[in-house]
Amino acid sequence: MPEMSLQQSLNLALRHACEDDDRVLIFGEDVGRLGGVFRVTDGLQDKFGEHRVFDTPLAESGIMGMAVGLAMAGWRPVPEIQFDGFSYPAIDQIVNQVARMHYRSRGALPMPITLRLPSFGGIRAPEHHGESLESLFAHVPGLKVVAPSAPDEGYHLLRQAIVDPDPVIFMEPKARYWHRGTVDPAEHADRPPVGTSRVVRPGRHATLVAWGAMVARCLRVAELAAEDGVELEVLDLRWLKPIDAEGLAASVARTRRAVVVHEAPLTAGLGAEISALVTERCFGELRAPVQRVTGYDVPYPSGALEDEYLPSVDRILTAVQTTLEYRRG
Amino acid sequence: MPEMSLQQSLNLALRHACEDDDRVLIFGEDVGRLGGVFRVTDGLQDKFGEHRVFDTPLAESGIMGMAVGLAMAGWRPVPEIQFDGFSYPAIDQIVNQVARMHYRSRGALPMPITLRLPSFGGIRAPEHHGESLESLFAHVPGLKVVAPSAPDEGYHLLRQAIVDPDPVIFMEPKARYWHRGTVDPAEHADRPPVGTSRVVRPGRHATLVAWGAMVARCLRVAELAAEDGVELEVLDLRWLKPIDAEGLAASVARTRRAVVVHEAPLTAGLGAEISALVTERCFGELRAPVQRVTGYDVPYPSGALEDEYLPSVDRILTAVQTTLEYRRG
Amino acid sequence: MHSADARELHRLMLVARRLDEEAVALQRQGRIPAYAPSRGQEAAQVGSAAALDPTRDFAFGHYRDLGAAVALGVDPVAYLAAHLNIWHGGLYDPRQARLAPFNAVVGGTVTHAVGWAMGAKLDHTGGVALSYFGDGASSQGDVHEAMNTAALHELGVVFFCQNNGWAISVPTARQVAGGSVAARAAGYGIPGHEVDGNDALAVFEATRAALNRARDGGGPSVIEARTYRMGPHSTSDDPGRYRALEEERAWAEKDPVARAASALAAEEIAEAEDHAAEEVRRVREGLLTLADRPGEDLFSFVYREPTRALHEQRRQWKETAGA
Amino acid sequence: MHSADARELHRLMLVARRLDEEAVALQRQGRIPAYAPSRGQEAAQVGSAAALDPTRDFAFGHYRDLGAAVALGVDPVAYLAAHLNIWHGGLYDPRQARLAPFNAVVGGTVTHAVGWAMGAKLDHTGGVALSYFGDGASSQGDVHEAMNTAALHELGVVFFCQNNGWAISVPTARQVAGGSVAARAAGYGIPGHEVDGNDALAVFEATRAALNRARDGGGPSVIEARTYRMGPHSTSDDPGRYRALEEERAWAEKDPVARAASALAAEEIAEAEDHAAEEVRRVREGLLTLADRPGEDLFSFVYREPTRALHEQRRQWKETAGA
Ligand SMILES: Cc1ncc(C[n+]2csc(CCOP(=O)(O)OP(=O)(O)O)c2C)c(N)n1
Ligand SMILES: Cc1ncc(C[n+]2csc(CCOP(=O)(O)OP(=O)(O)O)c2C)c(N)n1
Ligand SMILES: [Mg+2]
Ligand SMILES: [Mg+2]
């Protein structure tokens, strides 16, 4: 099985998607000639031509509006917005148009759009280049939202997103672009359906719930905790909409404790939804309230303060300790 | 004490704010000559002149960008965006600029902007005219968010929002514009600080948490429940950021049960945050998981289906029953 | 319509006019909750839509395009269902109608036309996208992004601005800097034309020329049809608050339907009135018997297949609805 | 600068050039994480900013405006702090600097200039807003909304486009339909000028004229300075992937700093080099000793006063930081 980085596995997935379906179109700022600022679309214009892989003007709303029109004309658009924070100018198109055209047209106009969005922080980037918009997107009816945590996940989830008949926001964890892992494209036939989470590491004392780059961090926490005899289950949520409520509940029903970890600010972050869902389904089993370890309620800071902002191994460990030691007040 | 509608009390608050501080400016689509499509700015252009109350071109992003520049020049802008669903084109300015300019400039450039946003559903309006964006806004560091539930609340909260030195999203419940109540401007001096909730009706069997138009609905539920001897406490959250976690916890610690009600879709709605907050603070006291009665995870529907979508008295009562009858599984 | 047919244009405009009047009447009678009258804009709407080739072109409208719907042969009942609060997008099938669903975001569909035209170009269909938008919409950033992109990629888009003088209470003079939407075109290196929007034949010819140009690979262009919203912005609007009666009277003199009729023989007009009256009867009947959509529809079209969460929510809804 | 002073313009440009080179060097040495070089754009930036009246005007830039910062007398250390990842907006006080905080949203500040100019107009200060943006930014809807609004309200805004030929990998020809940002102005009924962006004196004069016009109540105008981004988009970019060496060579011939020097005497140039070298030394020192902001700063500027939740989060942060 070939080993490759997430950035490469995404590139491979795009390549295979274009080969499989000649209605797939890739476009965005600098995705064509340059191959994307993260090189995720590298070589695709050469291979598939300028009509299938092309650069757009610098206008995010226009990019998403173009995707809507292309989908109406029977194409399968895979636009990129260069960075998380620059999807805000396109939010009107995403929420008011992409997410609703199928509903508005009573199913006549499906929107099989996959928006690739380099997302989350951790790379000491400038302002607006480290945002986590999952709770915004997950709140919008009509959208699906997914974030891979590793190269093989990236490959399979991106292909799944592209063939999916609904619009999918595909959030790529920038901090993991250069991490390598094995990828087996042949496994694709056996993928679990959209909306399935995965247990990355089984354990019985508490469940850590995460997605994107925080999955690796939680695995690290689980390793450290294991040294002290604490067995943490790490659940990679993968799909942030639809959320795998059953998978979550099954894990927490076993472990009776949960910590959810994300980069976005605390208030109204997706951790709140996870906390509410888990509590609704496992109230009787829970031995402690679900702990949230998240970014603070502050703007994503400049690189020098990034490590202070992001959930650290220490902060997660502290939350694990809190939940393990919790005694009903 | 004069009796008036919410729409009138908001108009009065704007009038008093303009009188009190000649740096206050009011602008937006149709707010000047027409006085706003809901007449909330009626008569203000005549009174304060075209330079302080003016119509803008039809461009929501431009409206919020203009507010940023005016604030930088030392003004106190009170822009209106005509309807909830049309704030999406301005989200980039709101999130990337309004909410961060103070932070970015290390306090040099405060943004004392109050965005008036006719919000929520219930008036059988066209698409995009019935949206609830509170969880999106509450997630954004740097913003404050508030929704009045009654005429006096509207008056005082709007004045509070305008004098507040930070940007405030002021969500006006359209469905309550024409409901009347007494308003005493003189009470303004005694207002509780930003971020304080209020108990609208005390009770001891469960707490209903709501804001905007859902407060009146919860009061109706409480009346009905009282007929069966169930005493519900109704808490008007008012400030959706910062949230009054202490007030919430104090109420639920007493009642030991909570139901949160909102119009927005369930997933990643602000109800999740309320559920998580309450559970974190009252885990030991809670006798049942916090119930959420919300809009479904579907686009806000056309008028004919509105009543099916919105939390109804029946749905809230059912949730109350569920929480009261809850037995740990 | 392959070539301008004054009689047919008038017939279509008259249907649009009478249906519009009927919709206003139904609103006054409490049968329609709210309505956005298109009175005065029939020539702009019918003249342009009639020039489309419905086998391959596609139109993108907003919420005040009854005349375009009529000219495209869309069932008015299905179109007006949006105003009846039955379904946001209307009940017509946009693919067959060659008209995008009813859309309430001002300026929101203009970039869709660009994407659609790119799709048509890639498929070599020869299809052209006609994008309707108002003078108010012209202020939106999306319109700029759309024109720039269409011009760069030389796409088959006709940007058709119905400048009806007002965006709710704001007149063109305080909306469109420089005073002309057509003049914006030059900044993108594409042609822009102003046309008398109350002259159906002129609108038809201008649109046909722009469509042919686009079909021949000549790329996008802008047409600004100068017309007038003779009625209120919507049935809950009161234009008396912001505009002068004299202005309304002056434009009433230029009524596009009357103007189209003036070229016709009395019996042609009478025939058109009969036809329109018959159509109004049919549509009125259709509207009054149009049933609301069942509550299940709330959940049915959110995704191609409802998610597990939606199945569950539908189940809960049924329980309460049944209770 | 009250009138064009070729020597002073050159001096400022040379400081900008040498500081830019130093920043690139520091990046290569691992002292600065990333940098966006402004090499080649010194005449456009210095020439325009020098024309401002710092007692009342205000400039709105993006992230590649070192020359403007230098001309406005902003401490380069405080400006470059943004690139050092110390604070997003830089560490200068924008009110004193007359330069809005460093801003990474392409096109995001253009409407701010419009609002600021409206404020200045209401206050009768005679102040004018200078809005810098790139050829890439010109595609953004916000730029259109800003120009339309400024023209309608006749506000004192100079829309100053630095057309440096590229938006990362996309050349102007595939970005700006029609090929000219200045040509867009006519569509709003305002003047638009193209100016040789590598000619500091020409830029100064064009800007001064536009500022005076605005100050006299003549409203907004557009200036498009044709220049070239001689370096990479940023220190992590490789222009070899998308543009030809010949193009870079051709523009190197037109180097604006060399051009400004050509009009000066050798000793004037030598003096300017000494001055720049001294400034580079000072700034280098400042940058290398610039401390990161303390973690508390995370919480300090979110609101005027931290909320209760933020107090609590700061407390938690301190506990973990202390551990
Ligand atoms: C993005 C957006 N902003 C605001 C509104 C509210 N609104 C509905 S129609 C209208 C005026 C539109 O004017 P114009 O584009 O000239 O079209 P007309 O109504 O004259 O046909 C406004 C402001 C909206 N529907 N969408
Ligand atoms: C809204 C937004 N979209 C995308 C980006 C990513 N980005 C940064 S610079 C740039 C190109 C900008 O080109 P131009 O406006 O010509 O300015 P220049 O870099 O040439 O100075 C892009 C796409 C951004 N910063 N902001
Ligand atoms: Mg109009
Ligand atoms: Mg550029």
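Residues numbered from 1 in each chain as written. Chains lettered and ligands numbered in written order. Predicted model: local features only at pLDDT ≥ 70, side-chain atom pairs only at ≥ 80, totals over all residues. Heavy atoms only, no water.

Considering the domain arrangement of chain A
All names here are of chain A.
Right, on to step 1. Segmenting chain A into domains produces domain 1 (3-190) and domain 2 (198-325).
Right, on to step 2. Here domain 1 and domain 2 have C-alpha centroids that lie 26 Å from each other.
Right, on to step 3. Taken together, the contact pairs 30 residues of domain 1 with 23 residues of domain 2.
Right, on to step 4. For the pair domain 1 and domain 2, the two sides together bury roughly 2,100 Å², of which 55% comes from carbon and sulfur.
Right, on to step 5. Together, R124, E134 and S149 form the three largest contributors to the area buried by domain 1 at its contact with domain 2, with a combined 24%. (Domains from an automatic or database assignment. Contact = heavy atoms within 4.5 Å. Buried area = accessible area lost by both parts, 1.4 Å probe.)

Digging into the relation of the copies chain A and chain B
Right, on to step 1. Of the transformation superimposing chain A on chain B, the axial component is 0.0 Å and the angular component is 180 degrees, with the fit at an RMSD of 0.0 Å. Those values place the two copies in the arrangement expected of a two-fold rotation axis.
Right, on to step 2. Most of the interface of chain A is mirrored in chain B: 100% of its interface residues are interface residues there too. (Least-squares fit on C-alpha atoms with pLDDT ≥ 70 in both.)

Quick notes on the site of ligand 2
Right, on to step 1. Ligand 2 sits among 20 residues. The nearest are E60(A), R64(D), A104(D), G136(D) and N164(D).
Right, on to step 2. What surrounds ligand 2 is not a single chain but chains A and D.
Right, on to step 3. Taking R64(D), its side chain carries an N or O atom lying 2.8 Å from an oxygen atom of ligand 2.
Right, on to step 4. Within the side chain of D135(D), a nitrogen or oxygen atom sits 3.0 Å from an oxygen atom of ligand 2.
Right, on to step 5. When grouped by side-chain class, the residues that make up the shell around ligand 2 number ten nonpolar, six polar and four charged. (Near = heavy atom within 4 Å. Polar contact = N/O pair within 3.5 Å; in protein donor to acceptor, adjacent residues only side chain to side chain. Nonpolar A, V, L, I, M, F, W, Y, C, P; charged D, E, K, R; others polar.)

Overview of the packing of helix α10 (residues 270-282) of chain A against helix α10 (residues 270-282) of chain B
Right, on to step 1. Contact geometry for α10(A) and α10(B): axes closest at 8 Å, N-to-C directions at 70 degrees. Here α10(A) is positioned roughly perpendicular relative to α10(B), judged by the angle of their axes. The way α10(A) lies across α10(B) gives a crossing that is left-handed. Each of A272(A), E273(A), S275(A), A276(A) and T279(A) in α10(A) lies in contact with α10(B), whose residues at this interface are A272(B), E273(B), S275(B), A276(B) and T279(B).
Right, on to step 2. Its residues placed into classes, the contact of α10(A) with α10(B) shows four nonpolar, four polar and two charged. (Axes fitted to C-alpha atoms, helices over the stretch in contact; angles between N-to-C directions. Helix = DSSP H or I, 4+ residues; strand = E, 2+ residues; numbered from the N terminus. Parallel < 35°, antiparallel > 145°, perpendicular 65-115°, else oblique. Left-handed = near helix turned anticlockwise from the far one by under 90°.)

Remarks on the state of the cysteines
Residue and element names in this part refer to chain A.
Right, on to step 1. Per the stated rule, a full pass over the model turns up zero disulfides over all chains.
Right, on to step 2. No disulfide involves C282; its sulfur sits 18 Å from that of C218, the nearest cysteine.
Right, on to step 3. Given a relative accessible area of 1%, C282 falls into the buried group. (Disulfide = S-S within 2.5 Å. Buried < 20%, exposed > 50% of the residue type's maximum accessible area, 1.4 Å probe, protein only.)

Here's the deal with the interface of chain A and chain B
In many analyses, interface size is given as the accessible surface area lost on bringing the parts together.
Right, on to step 1. If you look at the interface, chain A gives 49 residues, while chain B gives 49 residues.
Right, on to step 2. Across the chain A/chain B interface, buried area totals approximately 4,300 Å², and carbon plus sulfur atoms make up 59% of it.
Right, on to step 3. Three residues stand out in chain A for area buried against chain B, namely H139(A), F283(A) and P299(A), and they jointly supply 17% of the buried area on that side.
Right, on to step 4. Taken together, the links from chain A to chain B amount to eight salt bridges.
Right, on to step 5. Residue E273(A) is joined to R292(B) by a salt bridge in which the shortest nitrogen-to-oxygen separation is 2.9 Å.
Right, on to step 6. Counting the contacts that link chain A with chain B gives 22 residue pairs in polar contact (both at pLDDT 80 or more). (Salt bridge = Lys/Arg side-chain N within 4 Å of Asp/Glu carboxyl O.)

Thoughts on the coordination of the magnesium ion (ligand 3)
All names here are of chain C.
Right, on to step 1. Of the protein atoms, only D135 (OD), N164 (OD1) and W166 (O) coordinate the magnesium ion (ligand 3), at distances of 2.1 to 2.2 Å.
Right, on to step 2. Read N to C, the donor residues that coordinate the magnesium ion (ligand 3) are spaced as D-x28-N-x1-W.
Right, on to step 3. Given the relative accessible area of 6%, N164 is considered buried.
Right, on to step 4. A relative accessible area of 7% means that W166 is categorised as buried. (Donors = N, O, S within 2.8 Å, 3.2 Å for Na, K, Ca; no water.)

A word on the sheet that holds strand β14 (residues 291-295) of chain A
Residue and element names in this part refer to chain A.
Right, on to step 1. The strand order β9-β11-β10-β13-β14 describes an open sheet built from five strands, whose pairing is mixed. Both edges of this open sheet fall to β9 (198-201) and β14, since each of them pairs with a single strand only. The average undirected angle you get between the axes of adjacent strands in this sheet is 25 degrees.
Right, on to step 2. Bridge count between β9 and strand β11 (residues 232-236): three bridges; the pairing is antiparallel. By the bridge assignment for β11, R198 is matched with D236.
Right, on to step 3. Running at roughly 170 degrees to β11, helix α8 (residues 213-227) makes contact with β9, β10 (206-210), β11 and β13 (258-265) of the sheet.
Right, on to step 4. Against the sheet, helix α12 (residues 313-325) contacts β10, β11, β13 and β14, and its axis sits at roughly 165 degrees relative to β14. (Pairing = 2+ DSSP bridges.)

Some points on the domain arrangement of chain C
Right, on to step 1. Looking at chain C, the domain boundaries give domain 1 (6-292) and domain 2 (295-323).
Right, on to step 2. Using only C-alpha atoms to locate each centre, domain 1 of chain C and domain 2 of chain C end up separated by 36 Å.

Comments concerning the packing of aromatic side chains
Right, on to step 1. Within this structure, the stated rule accounts for 39 aromatic pairs over all chains.
Right, on to step 2. Ring plane angle 70 degrees and centroid distance 5.4 Å describe the contact between F38(B) and F83(B), whose orientation is recorded as edge-to-face. Highlighted residues: F38(B) in the loop between β2 (24-28) and α2 (44-48) and F83(B) in the loop between β4 (76-80) and α4 (91-98), separated in sequence by 45 residues. We note that F38(B), like F83(B), is buried.
Right, on to step 3. Each residue in the set F38(A), F83(A), F86(A), Y177(A) and W178(A) is aromatic and connected to the rest through ring pairs, giving one cluster.
Right, on to step 4. Above the plane of the ring of W75(A) lies R23(A), whose end atom (NZ or CZ) is 3.6 Å from the centre. (Phe/Tyr/Trp six-rings, centres within 6.5 Å; stacked < 30°, edge-to-face > 60°. Lys NZ or Arg CZ within 6 Å of the ring centre and 35° of its normal.)

Some remarks on the site of ligand 1
Right, on to step 1. Taken together, the neighbourhood of ligand 1 is formed by 20 residues, with E60(B), R64(C), A104(C), G136(C) and N164(C) sitting nearest.
Right, on to step 2. More than one chain reaches ligand 1: its neighbouring residues belong to chains B and C.
Right, on to step 3. Among the residues forming the shell around ligand 1, the class breakdown is ten nonpolar, six polar and four charged.

Side note on the pairing of strand β11 (residues 232-236) of chain B
Right, on to step 1. With five of five residues buried, β11(B) lies mostly within the body of the structure.
Right, on to step 2. Residue alternation in β11(B) divides its side chains into two sets, L232(B), V234(B) and D236(B) and E233(B) and L235(B), and both sets are buried.

Details of unusual backbone geometry
Only a minority of non-glycine residues have a phi that is not negative, and only a minority of peptide bonds are not trans.
Right, on to step 1. In this structure, the amide linkage connecting K241(A) to the following residue, P242(A), adopts the cis form with an omega of -5 degrees.
Right, on to step 2. Of note, P242(A) is situated in the loop between β12 (239-241) and α9 (245-255).
Right, on to step 3. If you check the backbone angles, R238(A) has positive phi at about 60 degrees while not being a glycine.
Right, on to step 4. The residue R238(A) is located in the loop between β11 and β12 in this model.
Right, on to step 5. Unusually for a residue other than glycine, H128(B) sits at a positive phi of about 75 degrees.

Digging into helix α1 (residues 6-20) of chain B
All names here are of chain B.
Right, on to step 1. In this model α1 runs 21 Å from its N-terminal to its C-terminal C-alpha over 15 residues, within 8% of the 21 Å that 1.5 Å per residue would give.
Right, on to step 2. In terms of burial, α1 is largely enclosed, as eleven of its 15 residues are buried.
Right, on to step 3. Turning to α1, its buried residues number three or more, namely L6, Q7, S9, L10, N11, L12, A13, L14, H16, A17 and C18. (Expected span 1.5 Å × (residues − 1).)

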